[in-house]
Structure formats: C-alpha cells, structure tokens
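# Reading the structure
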Amino acid sequence: YDVVKVCMIKDIIIIDDVLPKTYADEIEATLFSQAFPWFYADDITYGSATEVAEKTNGFSHVLNSDGRGSQFSSFIEPLYHIALDKANIVLSNPMVLQSRCFMQMPQVTKRLHNNKHIDATVPHLVVLYYVTDSDGDTFMFDGVDVIKTVTPKKNRVVIFNGSTYHASGTPAVSKRCIINFNIVGGYNGN
C-alpha cells in the first residue's frame, strides 16, 4: 500500500447528507432487505488489552477484506469515494483495506460505550457511514479522554485518522447500523 502521509489527517470530519437521498435510501433498503445476509457475532468490537472487554454482540457483513468481496461491495463502495470528495480529501491510489457493515440491536447495558479499538495497525483513514438514525453514539478518544462523540444520523459520514481509538455506544432504543471503510492511499493534502 502507498500509505505515505495518510496519518497526517488529524481532523474528525463530519458531513451530513453526504449522499444523494435516493442512494442513501437504496442503501438502507438493501441492507434491511431479505436478500442482504447478516451474520451474528458474539463480539463486533475489538477490546484493547488494557481494558476489561465486555462482549458487544451484533451482526456483521464483510463487504471487502483480504481480497474477498461481497456481491454488494460494488453497489456500496462508491459511498467512500463520494465522502472523500465532499471532504476534499484526495488520495493517490486509494484502496479498501477492509469494509464492513455492522448492526447492533437495542440492549440494556450500564456501559457508556463498547470496547475502544482501532480497525487496523497500518496507517489508514476510517470512513464511517450511518445507515439510519439511532442512539448509540460513536466515541473517539485521545488516550483515555473522549475527544468527540457523534450521534448516528442517516446519511451522515465521519472521516478520521485510523489511529484514533474509537468505540460504538450500545443503542437502547433503535437498531444501530453503520458501514465502515478502512482506506489506504497516499494523502495529497495539507
């Protein structure tokens, strides 16, 4: 991968209404259709070795990982290109390191957030897209301190440096559904 300067992006970028409404609606309809396969997981987060990891169950669907792709990846992948374009982030040779969909169902927990983690150890960007409105904010950390929380809102995207530890909140009221892209490529910005 050409990962030169990817790690230079320091801002947390939030863009509402990132996609045309018809595309956002089609993504939501597809993910909640009978044709879209979801797979149950006892834990959909990765706990750090220094914390007590309580499992966060939910459902996942791998769009692209290790060269294996879902039949839905070509339909959903334009999303990250549109998001990077709207954020004025230009990458040379952008590639999807991995892309996945996650869905958490409402549940009762006393935790403020699930296990904080990073998605990959190589320099990358995270493009996190919210498929629906829900509770269960996304938390971003600088060490142990929460530096930003983002509420899931349909057609909202959050773009941030992949070395930023983050965690989902567990929804208590409505299902939480996101699409997560980990993107590598040379950053041509400031």
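Residues numbered from 1 in each chain as written. Predicted model: local features only at pLDDT ≥ 70, side-chain atom pairs only at ≥ 80, totals over all residues. Heavy atoms only, no water.

### Here we look at the overall build of the protein
Helix and strand counts for the protein come out as three helices and eleven strands. Along its sequence from the N terminus, the protein presents helices and strands in the succession β-α-β-β-β-α-α-β-β-β-β-β-β-β. Per-residue burial for the protein yields a buried fraction of 49% across its 190 residues. Here the analysis covers contacts within the protein between residues at least 6 apart in sequence; of these, 80% occur between residues at least 24 apart. Summing over all exposed atoms, the protein offers an accessible surface of approximately 9400 Å²; the carbon and sulfur share of this is 53%. (Helix = DSSP H or I, 4+ residues; strand = E, 2+ residues; numbered from the N terminus. Buried < 20%, exposed > 50% of the residue type's maximum accessible area, 1.4 Å probe, protein only. Contact = heavy atoms within 4.5 Å. Areas by Shrake-Rupley, 256 points an atom, 1.4 Å probe, with all protein chains shown as cover.)

### Digging into the sheet that holds strand β7 (residues 138-142)
Within the open sheet, the three strands sit side by side as β8-β7-β10. Their pairing is antiparallel. The outermost strands of the open sheet, each flanked by one partner alone, are β8 (145-150) and β10 (166-168). Mean inter-strand twist for the sheet, computed between neighbouring axes without regard to direction, equals 25 degrees. Here β7 pairs with β8 via five bridges, running antiparallel. Paired with M140 across the two strands is K148, which belongs to β8. (Pairing = 2+ DSSP bridges. Axes fitted to C-alpha atoms, helices over the stretch in contact; angles between N-to-C directions.)

### Details of helix α1 (residues 21-31)
Of the positions making up α1, those classed as buried are Y23, A24, I27, T30 and L31. Mapping the buried residues of α1 onto a view down its axis gives an arc of 130 degrees, with all of them on the same face. The exposed residues of α1 that point more than 90 degrees off its buried face are K21 and T22. (Arc of directions from axis to C-beta.)

### A look at the confidence of the model for the protein
Residues at a pLDDT of 70 or more form 89% of the protein, whose mean pLDDT is 88. The least confident element of the protein, judged by mean pLDDT, is strand β4 (residues 68-69) at 86; the most confident is α1 at 98. Predicted confidence is poor over residues 1-8, with pLDDT under 50, and the contacts of this stretch with residues over four places away or in other chains come to 24 contacts. (pLDDT = per-residue confidence, 0-100.)

### Digging into the side chain of R100
Mapping R100 onto the fold places it in strand β5 (residues 91-104). At 3.5 Å, the side chain of R100 and the side chain of N182 are in polar contact. (Polar contact = N/O pair within 3.5 Å; in protein donor to acceptor, adjacent residues only side chain to side chain.)

### Re the nonpolar core
Within the largest apolar cluster, 32 residues are counted, with the highest numbers of intra-cluster contacts made by L31, L79, V127, Y129 and I179. Elements with a minimum of two residues in this core: α1, α3 (78-86), β5, β6 (125-130), β9 (156-161) and β11 (176-187). With residues near it in sequence (within four places) discarded, L79 still touches L19, Y23, I27, Y129, I179 and F181. One finds V126, M140, V150 and F160 within the second-largest nonpolar core, a separate group that totals eleven residues. (Core = buried A, V, L, I, M, F, W, Y, C linked by side-chain atoms within 4.5 Å.)

### Structural notes on the packing of aromatic side chains
Here the structure, examined in full by the defined rule, presents five aromatic pairs. Following the ring pairs from residue to residue traces out a cluster consisting of F36, W38 and F72. We note K175 situated over the ring of F32; from NZ or CZ to the ring centre the distance is 4.6 Å. (Phe/Tyr/Trp six-rings, centres within 6.5 Å; stacked < 30°, edge-to-face > 60°. Lys NZ or Arg CZ within 6 Å of the ring centre and 35° of its normal.)

### Looking at the pattern of salt bridges
For the structure shown, the criterion picks out seven salt bridges. Ionic pairing is found between K21 and D25, a salt bridge with its closest N-O pair at 2.6 Å. Pair noted here: K21 and D25 are both in helix α1, with a separation of four residues, about one helical turn. The class of D25 is partly exposed, set by a relative accessible area of 27%. Of the charged contacts in the structure, one is a salt bridge between D25 and K154, with a shortest N-O distance of 2.5 Å. Taken together, the residues span a long stretch of sequence, with D25 in helix α1 and K154 in the loop between β8 and β9 at a distance of 129 residues. Classification of K154 by relative accessible area gives partly exposed; the value is 21%. The network of salt bridges with shared partners includes K21, D25, E28 and K154. (Salt bridge = Lys/Arg side-chain N within 4 Å of Asp/Glu carboxyl O.)

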